[in-house]
Amino acid sequence: MPEPTPQALSYYRSGNVLWIVDNVWGLLVPAAFLFTGFSATMRGWSYRIGKKWFFAIALYFIVFSAVTFVLDLPRVYYEGFVREYAYGLSNQTFAKWASDQLTGLVVGIVGGVAFLWVPYLLLKRSPRRWWLYTGLAAIPFIVLVALVQPIWVDPLFNTFGPMKDRALEADILHLAERAGIEGSRVFEVAKSEDTKAVNAYVAGFGATKRIVLWDTIIAKLNRQQLLVVMGHEMGHYVLGHVWKQILILSSLIVVALYAVHRASGWLIAKHRARFGFEALSDVASLPLILILFGVASLVVTPVALAVSRHFEHEADRFGLEITRDNHAAATAFVTLQQENLGVPRPGPIYTWWRESHPPLGERIDFSNDYRPWEKNEPLVYADRFKVP
Ligand SMILES: [Zn+2]
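One structure accompanies this document, and this report is about it. Everything numeric in this text was worked out from a predicted model, so none of it was measured.

Calculation criteria
Residues numbered from 1 in each chain as written. Predicted model: local features only at pLDDT ≥ 70, side-chain atom pairs only at ≥ 80, totals over all residues. Heavy atoms only, no water. Helix = DSSP H or I, 4+ residues; strand = E, 2+ residues; numbered from the N terminus. Rg over C-alpha atoms; globule rule 2.2 N^0.38 Å. Buried < 20%, exposed > 50% of the residue type's maximum accessible area, 1.4 Å probe, protein only. Contact = heavy atoms within 4.5 Å. Lys, Arg positive; Asp, Glu negative; His and termini not counted. Charge placed at Lys NZ, Arg CZ, Asp CG, Glu CD. Pairing = 2+ DSSP bridges. Expected span 1.5 Å × (residues − 1). Bend = angle between axes of the 7 residues up to and from the residue. Salt bridge = Lys/Arg side-chain N within 4 Å of Asp/Glu carboxyl O.

Focus: the overall build of the protein
And step 1. Counting secondary structure elements, the protein contains 14 helices and 4 strands.
And step 2. Relative to the globule expectation of 21 Å for 388 residues, the C-alpha radius of gyration of the protein, 23 Å, shows essentially globular dimensions.
And step 3. With respect to the principal axes defined by its C-alpha atoms, the protein has extents near 70 × 45 × 40 Å.
And step 4. Relative to its 388 residues, the protein shows a buried fraction of 47%.
And step 5. Contacts spanning at least 24 positions in sequence make up 77% of the contacts within the protein whose residues lie at least 6 apart.
And step 6. A gap of 12 Å separates the mean positions of the 37 positive and 32 negative side-chain charges of the protein.

Describing the pairing of strand S3 (residues 200–203)
And step 1. Inspection of the sheet shows S3 paired to strand S4 (residues 210–214) by 4 bridges, in the antiparallel sense. Counterpart to Ala200 in the pairing with S4 is Leu213.
And step 2. Connecting the antiparallel pair S3 and S4 is a turn made up of 6 residues, with Gly204 showing a positive phi of about 85°.

Details of the environment of Leu227
And step 1. Counting through the fold element by element, Leu227 comes out in helix H9 (residues 223–238).
And step 2. For Leu227, a relative accessible area of 11% puts it in the buried group.
And step 3. In sequence terms Leu227 and Gly319 are 92 residues apart; their C-alpha atoms lie 8.3 Å from each other.
And step 4. What Leu227 contacts, discounting residues up to four positions off in sequence, is Asp171, Ile172, Leu175 and Thr323.

Thoughts on helix H6 (residues 130–153)
And step 1. Under the 1.5 Å per step criterion, the end-to-end length of H6 is only 29 Å for 24 residues, more than 12% shorter than the ideal 34 Å.
And step 2. A bend of about 30° at Leu147 is the largest found in H6, and the proline Pro150 appears one to four places after it.
And step 3. Elements in contact with the buried residues of H6: helix H5 (117–125), S3, S4 and helix H10 (241–275).

What about the pattern of salt bridges?
And step 1. Following the criterion strictly, the structure yields 18 salt bridges and no others.
And step 2. Look at the salt bridges and you will find they share partners, linking Asp22, Asp72, Arg75 and Glu79 into a network.

Structure (structure tokens):
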């Protein structure tokens, strides 16, 4: 495992500072909407123009999204464009960055207009149990998002297609066949127009479930390394990590919404004159809900990330068991560390609040050490794939 470069350390340290700035900013902006009474003013406009309850909520959300988008633009420009260039991680033109931002805004508005009325209807109908019903309603919503995102949303940002390297594709399809996955589900995405960083992931749900490889990772890893990475992604697929994550996420959402429910009553009672609304069922409460949900999320994030790190570790194990290629796995992670300016052993606060994957140092160690087949020990996932 190579030491992190000075540049990687600087990216890591400044990233931690930015993470704090982002979190504070993410609370300050809605707080400003709330305490200046601007949120209530926007709600007033929305009702005057939209007249009906549904249209007022939709209009409020459109104005709210547009204003926060503009306020956020300098920060997002620095973090997502300037800084990525400064660290040599970006390939993106300004035009592509700008169009991606606008696309993101439109997707967010369409999603919000389509679904924000649900929690507000539940708030109106059941002021005491809305948090539970909203959390339960979130399950089909997350499933729907997971289902349509790979086919309707992701292609708005990048071009997806079959793998270009036919020989490599044949190897991957052979591995997929051993893992019991239909081969048509492997995609290559032209991510090199955005970034130099490398990645692969599993997306979708049910009929849209797929494994996606960034073209950058195909360019940087050799055949054996790519097969171990694919083995890892197939592990997520075969072990059902997507739907397990959805269930865990939904239960954490219920917990966070309950915290919103408990704290909001007290805050509204205390500041109703400034806020300009009397109940959470008033759409002017959106910034308050976002603030409280944001704080609650910070509390439950370490739980969600610990679960995610566990799944990632098991996917690593699956990838090693199906390929038995320790060297390729370890060196693939070294490439990941170098190309993505990773730090192999980040501090505990970073790990608990920000790491969805085990630290690269641990993944490299595990890749080197995990060899049950050499000691005639049983494999954990022996029954999940065919031995060649
Ligand atoms: Zn993974």
